[in-house]
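Topology and contacts: notes
One letter stands for each residue in the lines below.
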Amino acid sequence: MIIVSDKAKERILELKKEEGRTENENIRVSVKGGGCSGLMYDLGFDAKTVDTDHVFEDKGIKIIVDRKSLLYLAGTTLEFTDGLNGKGFQFINPNASRTCGCGESFSV
């Protein structure tokens, strides 16, 4: 399961409205090879699912995760920060043994 912070929920709802997204479009989170730590997070809107996807809901936000990525993302919190040190979505991942300075890549 992926947990969505209150700030992340607010920002997701704002983005859906700003971008004219439909109710059928949910958040897809996946892990891909790359980045300075070996694995990268990928986050976007998606209206389609396949049989091997897992769909979670937290605070009214539906999150789609493919089977492979689920192994890396279990227990992760999706956060949004808009402070001086950076702005954007961040992943607080208890499975990551190392993360890069930008927070967009990790290793296990």
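Preceding block: the structure.
For the structure given in this document, a descriptive report is provided here.

Conventions used here
- Residues numbered from 1 in each chain as written.
- Predicted model: local features only at pLDDT ≥ 70, side-chain atom pairs only at ≥ 80, totals over all residues.
- Heavy atoms only, no water.
- Helix = DSSP H or I, 4+ residues; strand = E, 2+ residues; numbered from the N terminus.
- Contact = heavy atoms within 4.5 Å.
- Polar contact = N/O pair within 3.5 Å; in protein donor to acceptor, adjacent residues only side chain to side chain.
- Phe/Tyr/Trp six-rings, centres within 6.5 Å; stacked < 30°, edge-to-face > 60°.
- Buried < 20%, exposed > 50% of the residue type's maximum accessible area, 1.4 Å probe, protein only.
- Salt bridge = Lys/Arg side-chain N within 4 Å of Asp/Glu carboxyl O.

1. Here we look at the environment of Asp 82
- As for its placement among the helices and strands, Asp 82 is situated in the loop between strand 6 (77-81) and strand 7 (88-92).
- In this structure the C-alpha to C-alpha distance between Asp 82 and Lys 7, which are 75 residues apart in sequence, comes to 9.4 Å.
- Sequence-distant contacts of Asp 82, defined by excluding residues within four places in its chain, comprise Lys 7 and Lys 87.
- A polar contact of 3.2 Å, which involves the side chain of Asp 82, links it to the side chain of Lys 7.

2. Here's the deal with the packing of aromatic side chains
- Enumeration over the complete set of coordinates arrives at 2 aromatic pairs.
- Relative to Phe 91, the ring of Tyr 41 has its centre 4.1 Å away and its plane inclined at 15°; by these criteria the two rings are stacked. Of this pair, Tyr 41 sits in strand 3 (residues 39-46) while Phe 91 sits in strand 7, and the two are 50 residues apart along the sequence.
- A relative accessible area of 11% places Tyr 41 in the buried class.
- Centre to centre, the rings of Phe 80 and Phe 89 are 5.1 Å apart; their planes meet at 65°, and the pair counts as edge-to-face.
- With relative accessibility at 9%, the residue Phe 80 sits in the buried group.

3. Here's the deal with the pattern of salt bridges
- Scanning the entire structure with this criterion turns up 9 salt bridges.
- The salt bridge involving Arg 28 is made with Asp 53; its shortest N-O contact spans 2.7 Å. Taken together, the residues span a long stretch of sequence, with Arg 28 in strand 2 (residues 26-33) and Asp 53 in the loop between strand 3 and strand 4 (54-58) at a distance of 25 residues. Asp 53 carries the same exposure label as Arg 28, and that label is buried.
- Between Asp 58 and Lys 59 there is a salt bridge; the shortest N-O distance is 3.5 Å.

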